[in-house]
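Topology and contacts: notes
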Amino acid sequence: MKKSFVFVLAAFLVFTSCTAKNKDTHLAVDKNGKTVVERYGNLQILKNTLCDQNGNPVQLRGMSSHGLQWYGKYANNNVIRWLREDWNCQIFRTALYLGEGGFINNGSLKFLVFESIESCIKNGMYVLVDWHVLSDKDPMLYKNRAVEFFSEIAEKYGSYPNIIYEICNEPNGRNVTWDNNIKPYAEEVIATIRKYDPDNIIIVGTPNWSQDVDVAAKNPITEQKNIMYTLHFYAGSHGDKLRRKASKALKAGIPLFVTEWGTTKDSGDGGVFEKETLEWMEFLQKNNISWVNWSINNKGEDSGILKYNADKSGDGNWNEDDLSPSGIFVRKILRNEIDIK
Ligand code: IDC
């Protein structure tokens, strides 16, 4: 009787400490006041998964900006601090579009990238610097600009453990292949970054809007360390089929990072798919895959976390009243208010 009581108690203690440990790893700031970057430091890839400086696997979670040319007003210290304190975000993504009025025509957008990086450094958060290839399809098109941009970022900020380079959001188009376009582009940009920054994580986009991770896995980048591969999904459009591709890539040995996902259809609209999102959350947690949700805007699209026209000034400090259904749901996930198995 006594023995079995001790056993039950021990099992309970082990169970609660495991759950607590899992939740603790997801804290932006822990109970001792340490930020995620103070705890995890220089990230590294070990055994094909993201690890902290001591070699423990870590899953980072956070929010993405919308295109800086449209909603750059949210890429500031007030919003980033709010995302850390109220949303429990460990990472922020700063999305620098090239086309659609982005960086190629408006070079001053890089100052918004600097502002978000500096805010993340100040707040002890990781920052994903996203070269948002989209309507321009082939990363080779603006390769020279990418080389120039990432040299500047790596030289300026590469000594901080906070920086993660995302060198190609979503290559797309039938003629844009891993072997002929994306991999050669990546090798050149990576070599440039490594001149200034020997070790921070670099994430490479994959064919077909960063879904064909299995194709990249067949011919991975082997010359450099701390390289990861992008997987993107939208819960209303992608499910088991894409998860199977992801599992195949993981099995083949490449580390994945979900640098962008949405609760909606891949149009960024079309409703919020909560059940499908939770299936993805379980898959990502089980496989220790970090993620960043799309996105911070008030334009009224379903994937935007703010209601139409809420927080016009870009101050952060949102009430639940300012948040869209997607915003309310993703905030709950980030705050560990929804149990992910
Ligand atoms: C969408 C935005 C939308 C904008 C559109 C075109 O949500 O407001 O009009 O881009 O630029 C992606 C892209 C991301 C898309 C998002 C939703 O990386 O830029 O944002 N999406 O369509 N890939 C799959 C979905």
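We now turn to the structure provided with this report. Given the structure is predicted, the values throughout are model-derived calculations rather than measurements.

For the rest of this paragraph, the subject is the packing of aromatic side chains. On inspection of all chains with the given rule, the structure shows 16 aromatic pairs. Here the aromatic rings of Phe149 and Phe150 are separated by 5.0 Å at their centres, their planes lie at 75 degrees, and the arrangement is edge-to-face. Exposure remark for Phe149: the relative accessible area of 3% places this residue in the buried category. According to the relative accessible area criterion, Phe150 is buried, its value standing at 0%. One aromatic cluster in this structure is built from Phe103, Trp131, Phe149, Phe150 and Tyr165. The ring of Trp280 has Arg243 lying over it, and the distance from NZ or CZ to the ring centre is 4.8 Å.

A word on the side chain of Asn172. Checked against the element boundaries, Asn172 lands in the loop between β6 (163–166) and α7 (178–196). Within the structure, the side chain of Asn172 is placed 2.9 Å from the backbone oxygen of Leu134, a separation counted as a polar contact. Polar contacts involving the side chain of Asn172 include one to the main-chain carbonyl oxygen of Glu170, which spans 2.9 Å. Discounting chain neighbours no more than four positions away, the residues touching Asn172 are Leu134, Lys137 and Trp209.

A separate point is the side chain of Glu301. Mapped onto the elements of the fold, Glu301 is located in the loop between β10 (291–296) and α12 (325–334). With sequence-adjacent residues up to four places away left out, Glu301 is seen in contact with His66, Gly268, Asp269, Trp294 and Ser295.

Moving on to the nonpolar core. Of all hydrophobic cores here, the largest spans 79 residues; its most connected members are Trp87, Trp131, Phe150, Ile167 and Trp318. Per element, the largest residue contribution to this core is 7 residues, and it comes from α7. Setting aside residues up to four positions removed in sequence, Ile167 forms contacts with Trp131, Phe150, Tyr185, Ala186, Val189, Ile190, Ile193, Ile202, Ile203 and Val204.

Our focus in this paragraph is the sheet that holds strand β8 (residues 227–234). The parallel closed barrel is built from 8 strands, whose spatial order is β3-β4-β5-β6-β7-β8-β9-β10. Adjacent strand axes in the sheet meet at a mean angle of 25 degrees, parallel and antiparallel pairs treated alike. In this structure, strand β5 (residues 126–132) lies alongside β6, joined through 4 bridges in parallel fashion. Opposite Leu128, over in β6, you have Ile164 as the bridge partner. Relative to the sheet, helix α6 (residues 143–157) contacts β4 (91–97), β5 and β6, its axis offset from that of β5 by approximately 165 degrees. Sheet strands in contact with helix α10 (residues 240–252) are β8 and β9 (256–262), and its direction is about 170 degrees off that of β8.

With that settled, the discussion passes to unusual backbone geometry. Note the cis peptide between Trp294 and Ser295, where omega equals -5 degrees. Structurally, Ser295 can be placed in strand β10. Phi at Asn88 takes a positive value of approximately 60 degrees, unusual for a residue other than glycine. Within the secondary structure, Asn88 sits in the loop between α4 (77–85) and β4. Residue classification places Asn88 among the buried residues on the basis of a relative accessible area of 11%. The phi dihedral of Ser210 falls on the positive side, at around 60 degrees, and the residue is not glycine. Mapped onto the elements of the fold, Ser210 is located in helix α8 (residues 207–210).

Rules behind the numbers
Think of each chain on its own: its residues are numbered from 1, step by step along the sequence as written. Residue-level local features of this predicted model are given only where pLDDT is at least 70; pairs of side-chain atoms are given and counted only at 80 or more, and the full residue set underlies all totals for whole chains, interfaces and linings. Processing note: side-chain calculations cover all non-hydrogen atoms of the structure and skip hydrogens and water entirely. Each Phe, Tyr or Trp ring, with Trp reduced to its six-membered ring, pairs with another whose centre is within 6.5 Å; inter-plane angles below 30 degrees give stacked pairs, above 60 give edge-to-face pairs, and intermediate values give tilted ones. Using a 1.4 Å probe on the protein chains alone, a residue whose accessible area is under 20% of its type maximum counts as buried, one over 50% counts as exposed, and one in between counts as partly exposed. Think of it as a cone above the ring: NZ of Lys or CZ of Arg counts as a charge over the ring if it is within 6 Å of the ring centre and within 35 degrees of the ring normal. Starting at the N terminus, helices and strands are each numbered in turn, a helix being any DSSP run of H or I of at least four residues and a strand any DSSP run of E of at least two. Here a polar contact is recorded for every N or O atom pair within 3.5 Å, except that within protein the pair must consist of a potential hydrogen donor and a potential acceptor, and residues adjacent in sequence are included only if both atoms are side-chain atoms. Note on definitions: a residue-residue contact is assigned when non-hydrogen atoms from the two residues lie within 4.5 Å. Here, the term nonpolar core denotes a set of buried Ala, Val, Leu, Ile, Met, Phe, Trp, Tyr and Cys residues that are joined through side-chain atoms within 4.5 Å. For two strands to be treated as a pair, DSSP must find at least two bridges joining them. In this analysis, axes come from line fits to C-alpha atoms, helices being fitted only over the stretch in contact, and the angle between any two N-to-C directions falls in the range 0 to 180 degrees.

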